[in-house]
Amino acid sequence: MTVDSSAARKPRRSAAGKAGTTGSKAGTAGAKSGTAGNASGTTGTKRTTRTSRAAAKSTEPELVQLLTPEGKRVKNAEYDAYVAGVTPEDLRGLYRDMVLTRRFDAEATALQRQGELGLWASLLGQEAAQIGSGRALRDDDYVFPTYREHGVAWCRGVDPTNLLGMFRGVNNGGWDPNSNNFQLYTIVIGSQTLHATGYAMGITKDGADSAVIAYFGDGASSQGDVAESFTFSAVYNAPVVFFCQNNQWAISEPTEKQSRVPLYQRAQGFGFPGVRVDGNDVLACLAVTRWALERARSGEGPTLVEAYTYRMGAHTTSDDPTRYRHDDERAAWEAKDPILRLRRYLEASNHADEGFFAELETESEALGKRVREAVRAMPDPDHFAIFENVYADGHALVDEERAQFAAYQASFADASEGGR
């Protein structure tokens, strides 16, 4: 499903708007000669008002949506089938996933502020995009994340505490990628899309029916690596889903300054479909990702999914978003909160009661405590581990550097002993 959007362009004055303005001018001229001109001016003003309202409404992007911000279920002939089997228990599970992911994320942010982590990239506001797409995956599918896919990691069974080792500086990634089919976090912007494409091409050669999903942000969509990935995946019909979380801000650069068209439309130039989904609607993200993965597994090639969402917090804890965006923008997106949206639906449908929410709150606090204690208990890494596995058979220069570092470390012990 490909739909157009005017979100990336400045709204133009419509023909009707011009007519209204003309009418106002005519009224002004007529006012000099009598009442008839005033009536004409009033009519023109009314037309302008109606046109302005219509123009404002038209700037809202068209996207796949199954749950409105008010928590109302809407029908979609194309994608309803992909969530037809979702039970009330499944919905509660999706809600639990989002709540616990947000709680973990909040704890990690607090730990960084307390000096326990060097840096943290928050996913606040993007829970639906990640949980919805993450729960669409099969166990044999393979995930290539950026550094913000904490919700997807949760869906793949990666312990949250394992995500924090790299940000604390005690390891280069705290899990075995092949244990969960979840690759290590990628800091280099956009490079993981190339890895995903190559892996997907390998799947095709192996004759497997699994699929690959590559996550990236709106900023990464401007990278050459992403364009190369699109080219290779299309030419080789690779079973890969490119999942772009458009959170509106590539650090401090808005999306409209990166692309003249909505991001999902870029797929057309490479010869495969693109679709924009409401990234704050977990049900829609689940449905669209299932559709895209099904295409990949059946040999129909790549798909670009643009999850239209919003980064509620800073790009990372070293960023100050108040320098480049307004509070009223965040307030408008808070009204579309993905967790509140699903809660409203659960309550309205009688799929969850207060006991469920209270129990989840207790579980959420327990998770926060466990993460906090685990981070503070992480052992310091071996200082000499950096010299291991650089070369398979060793290297004279590395040996020399190791010896120099050992002498440097020993100097601290000597100084300590001399001061007694």
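Going by the structure above, here's the rest.
Definitions and limits used
Residues numbered from 1 in each chain as written. Predicted model: local features only at pLDDT ≥ 70, side-chain atom pairs only at ≥ 80, totals over all residues. Heavy atoms only, no water. Helix = DSSP H or I, 4+ residues; strand = E, 2+ residues; numbered from the N terminus. Expected span 1.5 Å × (residues − 1). Polar contact = N/O pair within 3.5 Å; in protein donor to acceptor, adjacent residues only side chain to side chain. Pairing = 2+ DSSP bridges. Axes fitted to C-alpha atoms, helices over the stretch in contact; angles between N-to-C directions. Contact = heavy atoms within 4.5 Å. Core = buried A, V, L, I, M, F, W, Y, C linked by side-chain atoms within 4.5 Å. Buried < 20%, exposed > 50% of the residue type's maximum accessible area, 1.4 Å probe, protein only. Salt bridge = Lys/Arg side-chain N within 4 Å of Asp/Glu carboxyl O. Parallel < 35°, antiparallel > 145°, perpendicular 65-115°, else oblique. Left-handed = near helix turned anticlockwise from the far one by under 90°. Nonpolar A, V, L, I, M, F, W, Y, C, P; charged D, E, K, R; others polar. Patch = residues over 30% accessible without salt bridge, like charges linked within 9 Å, V, L, I, M, F, W, Y side chains within 5 Å. Areas by Shrake-Rupley, 256 points an atom, 1.4 Å probe, with all protein chains shown as cover. Phe/Tyr/Trp six-rings, centres within 6.5 Å; stacked < 30°, edge-to-face > 60°. Lys NZ or Arg CZ within 6 Å of the ring centre and 35° of its normal.

Draft legend 1. Region of the structure containing helix H10 (residues 282-297). Between its first and last C-alpha atoms H10 spans 22 Å; for 16 residues at 1.5 Å apiece the expected length is 22 Å, and the two agree. At the N-terminal end of H10, a side-chain oxygen is found 3.1 Å from the backbone nitrogen of Leu-283, two or three residues along, and the residue is Asp-281.

Draft legend 2. Molecular detail of the sheet that holds strand E2 (residues 212-217). The 5 strands lie next to each other as E1-E2-E3-E7-E6, forming an open sheet whose pairing is parallel. Strands with a single pairing partner mark the edges of an open sheet, and in this sheet they are strand E1 (142-144) and strand E6 (274-278). Within the sheet, the average angular offset between the axes of one strand and its neighbour, ignoring direction, is 20 degrees. Sheet analysis places strand E3 (residues 240-246) next to strand E7 (residues 303-308), joined by 6 bridges and oriented parallel. In the strand pairing of E7, Phe-243 is matched with Val-305. Strands E1, E2 and E3 of the sheet are contacted by helix H8 (residues 191-206), whose axis makes an angle of about 170 degrees with E2. The strands that helix H9 (residues 224-235) touches are E2, E3 and E7; relative to E3, the one it contacts most, it runs at about 150 degrees.

Draft legend 3. Broad picture of the side chain of Thr-197. Inspection of the secondary structure puts Thr-197 in helix H8. When residues no more than four places from it in sequence are discounted, the contact partners of Thr-197 are Ser-229, Phe-232, Ser-233, Ala-238 and Phe-242.

Draft legend 4. Layout of the nonpolar core. By size, the foremost hydrophobic cluster in this structure holds 70 residues, and its most contacted members are Tyr-95, Leu-164 and Leu-342. In terms of residue count, H10 provides more of this core than any other element does, 11 residues in total. The residues touching Tyr-95, leaving out its near neighbours within four places in the chain, are Ile-339, Leu-342, Arg-343, Leu-346, Phe-356, Phe-357 and Leu-360. Among the nonpolar cores identified, the runner-up in size contains 20 residues, and Ala-200, Ile-203, Val-240 and Phe-272 belong to it.

Draft legend 5. Quick peek at the pattern of salt bridges. All told, the structure shown has 23 salt bridges when counted by the stated rule. One salt bridge in this structure joins Asp-97 and Arg-135, with 2.8 Å as the shortest N-O distance. A residue pair is termed long-range when its members are at least 10 positions apart, and Asp-97 in helix H3 (residues 88-113) and Arg-135 in the loop between helix H4 (127-134) and E1 qualify at 38 residues. Accessibility expressed as a relative area gives 4% for Asp-97, which makes it buried.

Draft legend 6. Focus on the packing of helix H6 (residues 160-168) against helix H13 (residues 354-376). Two elements in contact, H6 and H13, have axes whose closest approach is 10 Å; the angle formed by their N-to-C orientations is 40 degrees. Judged by the inter-axis angle, H6 sits oblique to H13. Helix-helix and strand crossings are classified by hand; for H6 and H13 the assignment is right-handed. Contact with H6, carried on its side by Pro-160, Thr-161, Leu-164 and Arg-168, involves Leu-367, Arg-370, Val-371, Ala-374, Val-375 and Arg-376 of H13 and no other residues of that element. Its residues assigned to classes, the contact of H6 with H13 comprises 6 nonpolar, 1 polar and 3 charged.

Draft legend 7. Region of the structure containing the packing of H3 against H4. Contact geometry of H3 with H4 gives a least axis separation of 10 Å together with a crossing angle of 130 degrees. The orientation of H3 with respect to H4, classified from their angle, is oblique. Read as a crossing pair, H3 and H4 show a hand that is right-handed. Between H3, through Leu-94, Asp-97, Met-98, Thr-101 and Arg-102, and H4, the contact on the second element is made entirely by Glu-127, Ala-128 and Ile-131. By residue class, the composition of the contact of H3 with H4 is 4 nonpolar, 1 polar and 3 charged.

Draft legend 8. The arrangement of H13 in detail. The end-to-end C-alpha distance of H13 is 34 Å, a good match for the 33 Å that 23 residues give at a rise of 1.5 Å each. Those residues of H13 that sit buried are Phe-356, Phe-357, Leu-360, Ser-364, Leu-367, Gly-368, Val-371 and Val-375. Of the surrounding elements, those touching the buried residues of H13 are H3, helix H5 (150-155), H6 and helix H12 (338-348). Two to three positions downstream of the cap, the backbone nitrogen of Gly-355 sits 3.2 Å from a side-chain oxygen, assigning the N-cap of H13 to Asp-353.

Draft legend 9. Quick peek at a nonpolar patch on the surface. A contiguous nonpolar surface patch, about 340 Å² in accessible area, is contributed by Phe-232, Val-235 and Tyr-236. Mapped onto the secondary structure, Val-235 falls in helix H9. Note on Val-235: relative accessible area 61%, which makes it exposed.

Draft legend 10. Structural detail: the packing of aromatic side chains. The full count for this structure, using the stated rule, is 28 aromatic pairs. Looking at Lys-336, its charged tip hangs above the ring of Trp-333, at a distance of 4.2 Å from the centre. Cation over ring: Arg-343 sits above Phe-357, and NZ or CZ is 3.8 Å from the ring centre.

Draft legend 11. Inspection of the environment of Gly-219 at higher detail. With respect to the element layout, Gly-219 can be found in the loop between E2 and H9. Judged by its relative accessible area of 22%, Gly-219 falls in the partly exposed class. For the pair Gly-219 and Thr-255, spaced 36 residues apart in the sequence, the C-alpha separation amounts to 7.5 Å. Other than its neighbours up to four places away in sequence, Gly-219 contacts Ala-250 and Gln-258.

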